[in-house]
Amino acid sequence: MTNLLVAAFMWLLVLILSLRARSRPDNSMLKAAVVIAASLTTNINEVYLGAAELLPWANALDLLSNILLIIGVFYLSRAITLGATAGSSRGGGGTWGRWAALVTAAVMIVSFAGIENPVPSTRFMLDYGDQPAAALYSAVQYVYIFAVMAATLGTCVRNVPLMRRRRFRAGFSIIGTGCGAGLLLCASVIVMDVTHVTGQEGIMRSVGGVYDVLYPLTVVLLSVGLAVPPLGKIINDISIKRQIRQLDPPLKALWRKTVARTPDVSLMGSAADTATVPRRTARDATDAIHRLVIEIHDWLAVTGKPGAELSAADTAVLREAEALCLKQGRAL
């Protein structure tokens, strides 16, 4: 049941990230989420056992699933880092991460080949983890994930205080918390690998209880944290469009009472007419309102009577439009 819920959370994240895939310049985070979601889906018992019958080796799907997880974690971490640093990340982090992922995958393949696992098992490490090769197979991947999570946590801690938008601060704070839980998760797995292969099953089962809590907690925190910025953007766009729909008619009426009397003031032509065209994005709609505000400002400056011909209602509409433009980062 836990595996099903964890996979469902990841696929839900994929769906949320897909909502803005066309307008997003870089979809590496979406691609990484798809890879990780596919990896986690194979942990569902029915999926695992059904696929095992189609593969040449009894537990080949476990190896494939974990290699997908390594690939997904690498690209997800890189996408988080680029997002947290607004695409300005520099240095050799991507290079060492790529080489570390390749080395980790190679060690996993070699060690997996040394594991005696004749029967498909949905409890692979519990059934075969007493073999040194199995302990190495598991431990090496979680050492890599530990290093990646630690680096990602450091990125979040450094950059969250610098973020201006609340949705990014909230999202990356949750991601950082998820990375912290991920570090504890990796440590618990490594302890279980060592205690299993050394025959200390009491300690292994005790730590297993901690793992059972940390595994879904880590996935849920990371999924929620990654979903917050795009969801916040969607909600913000809906709010802006609703505000613009209410503001557009009175602002156009004000434009016609002012700028339309002096066409030479309008640098963009009939901005009021273009503002009536349906806008695909909140950015386009805001740009149209911004043009109207700028031309009204220009008219007021050219006439030399700032505010003299504006009623209280007109002034209120103009102030509201100015506030909207400033909130969306438009200069006036």
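Throughout what follows, the structure given in this document is the object of discussion. (Residues numbered from 1 in each chain as written. Predicted model: local features only at pLDDT ≥ 70, side-chain atom pairs only at ≥ 80, totals over all residues. Heavy atoms only, no water.)

1. Remarks on the overall build of the protein chain
Then, in step 1: Helix and strand counts for the protein chain stand at 12 helices and 0 strands.
Then, in step 2: What you see in the protein chain, going N to C, is helices and strands ordered as α-α-α-α-α-α-α-α-α-α-α-α.
Then, in step 3: Here the protein chain has a C-alpha radius of gyration of 28 Å; the compact-globule value for 332 residues is 20 Å, and the former is much larger.
Then, in step 4: Judged by the C-alpha coordinates and their principal axes, the protein chain covers about 90 × 40 × 30 Å.
Then, in step 5: Within the protein chain, buried positions represent 45% of all 332 residues.
Then, in step 6: Taking the intrachain contacts of the protein chain between residues at least 6 apart in sequence as the baseline, contacts between residues at least 24 apart amount to 72%.
Then, in step 7: Treating the 31 positive side-chain charges of the protein chain as one cloud and the 22 negative ones as another, the clouds have centres 10 Å apart. (Helix = DSSP H or I, 4+ residues; strand = E, 2+ residues; numbered from the N terminus. Rg over C-alpha atoms; globule rule 2.2 N^0.38 Å. Buried < 20%, exposed > 50% of the residue type's maximum accessible area, 1.4 Å probe, protein only. Contact = heavy atoms within 4.5 Å. Lys, Arg positive; Asp, Glu negative; His and termini not counted. Charge placed at Lys NZ, Arg CZ, Asp CG, Glu CD.)

2. What about the nonpolar core?
Proteins that are soluble and globular tend to have nonpolar side chains buried together.
Then, in step 1: Formed by 60 residues in total, the largest nonpolar core has its most connected members in Met10, Leu40, Ile80, Ile115, Ile145, Phe172 and Ile175.
Then, in step 2: Contributions of two or more residues to this core are made by α1 (2–18), α2 (28–41), α4 (60–84), α5 (93–113), α6 (124–128), α7 (132–159), α8 (166–197) and α9 (201–258).
Then, in step 3: Apart from the residues lying within four places of it in its own chain, the contact partners of Leu40 are Val6, Ala7, Met10, Tyr215 and Val219. (Core = buried A, V, L, I, M, F, W, Y, C linked by side-chain atoms within 4.5 Å.)

3. Quick notes on the environment of Ala147
Then, in step 1: Relative to the elements of secondary structure, Ala147 occurs in helix α7.
Then, in step 2: For Ala147, a relative accessible area of 32% corresponds to the partly exposed category.

4. Quick notes on the packing of α7 against α8
Then, in step 1: α8 packs onto α7 with a crossing angle of 160° between their chain directions and a minimal axis gap of 8 Å. Between α7 and α8, the crossing angle belongs to the class labelled roughly antiparallel. Two packed elements cross with a definite hand, and for α7 against α8 that hand is left-handed.
Then, in step 2: Taken together, the residues of the contact of α7 with α8 break down into 19 nonpolar, 4 polar and 1 charged. (Axes fitted to C-alpha atoms, helices over the stretch in contact; angles between N-to-C directions. Parallel < 35°, antiparallel > 145°, perpendicular 65-115°, else oblique. Left-handed = near helix turned anticlockwise from the far one by under 90°. Nonpolar A, V, L, I, M, F, W, Y, C, P; charged D, E, K, R; others polar.)

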